[in-house]
Amino acid sequence: KAGVTQTPRYLIKTRGQQVTLSCSPISGHRSVSWYQQTPGQGLQFLFEYFSETQRNKGNFPGRFSGRQFSNSRSEMNVSTLELGDSALYLCASSPGLADQNIQYFGAGTRLSVL
Amino acid sequence: AQSVSQHNHHVILSEAASLELGCNYSYGGTVNLFWYVQYPGQHLQLLLKYFSGDPLVKGIKGFEAEFIKSKFSFNLRKPSVQWSDTAEYFCAVIHTGRRALTFGSGTRLQVQP
């Protein structure tokens, strides 16, 4: 079974631009969560989607948004990029139907904002 | 808001030494607990999990963890580490009914041959 796939692996953008990251979950998983990982703040939850609906949201500004498609693939968008958005963005998938579900992580997209 | 504390930020051990990494969380309700590992250049992988039942859980590669509810702790242990255990270890908590993992700041383990 293929794991969680994130594309692209690396991105370089400049301040003010916007960026879209993609995540393909494990086959059969309906929940996709996004996390930001930085040296200073560690791993922080951005949001979670299930069946094309955002179910949970972390404490990030509205510049961070996401969506999920009917095939469970998810995209994350960051508009008006700031230097502080440089980070590793991780996607995790899980079956999503029970409380006792485990999140499986992709390799991440490393975003550098110049 | 719940939080997770990992008190050891950087641990250096020699091969065959025993390992214990501390993890404490702040939430008082029912929680699910996890340890994830991130080997150099690789993605986060699940080491072990606790949902309910026996508070001593065993994971992959000889790791185990003990959930002590009264102490809000979930410490990771391994009797004898190997050079290949060099990695960053993250403790994470999710309270039942939510979907967001709260992570500790991580512990970088360096095992010297």
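Residues numbered from 1 in each chain as written. Chains lettered and ligands numbered in written order. Predicted model: local features only at pLDDT ≥ 70, side-chain atom pairs only at ≥ 80, totals over all residues. Heavy atoms only, no water.

Enquirer: Honestly, the interface of chain B and chain A in this entry has me stumped. Any pointers?
Expert: By convention, interface size is frequently given as the accessible area that disappears when the constituent parts associate. Contacts between chain B and chain A engage 19 residues on the former and 20 residues on the latter. In this assembly, chain B packs against chain A so that about 1700 Å² is buried in total across both faces, 56% of it on carbon and sulfur atoms. Where chain B touches chain A, the interface holds zero salt bridges. The tally of links from chain B across to chain A stands at three residue pairs in polar contact (both at pLDDT 80 or more). Of all elements in the fold, only β5 (31-38), β6 (45-50) and β10 (87-95) of chain B reach the threshold of two or more residues within the side of chain B that touches chain A. Top contributing element to the side of chain B that touches chain A by residue count: β5 of chain B, with four residues. Classifying every residue of the side of chain B that touches chain A by side-chain character gives ten nonpolar, six polar and three charged. (Contact = heavy atoms within 4.5 Å. Buried area = accessible area lost by both parts, 1.4 Å probe. Salt bridge = Lys/Arg side-chain N within 4 Å of Asp/Glu carboxyl O. Polar contact = N/O pair within 3.5 Å; in protein donor to acceptor, adjacent residues only side chain to side chain. Helix = DSSP H or I, 4+ residues; strand = E, 2+ residues; numbered from the N terminus. Nonpolar A, V, L, I, M, F, W, Y, C, P; charged D, E, K, R; others polar.)

Enquirer: Can you help me understand the pattern of salt bridges in this one?
Expert: Note that side chains of opposite charge can pair when their charged atoms are close. Inspection of the entire model under this criterion finds ten salt bridges over all chains. Of the charged contacts in the structure, one is a salt bridge between Arg 63 of chain A and Asp 85 of chain A, with a shortest N-O distance of 2.8 Å. Taken together, the residues span a long stretch of sequence, with Arg 63 of chain A in the loop between β6 (53-57) and β7 (64-68) and Asp 85 of chain A in the loop between β8 (74-78) and β9 (87-94) at a distance of 22 residues. Considered together, Arg 63 of chain A and Asp 85 of chain A belong to a single accessibility category, that of buried residues. Taken together, the shared-partner salt bridges in this structure form one network comprising Lys 58, Glu 64, Glu 66 and Arg 77 of chain B. (Buried < 20%, exposed > 50% of the residue type's maximum accessible area, 1.4 Å probe, protein only.)

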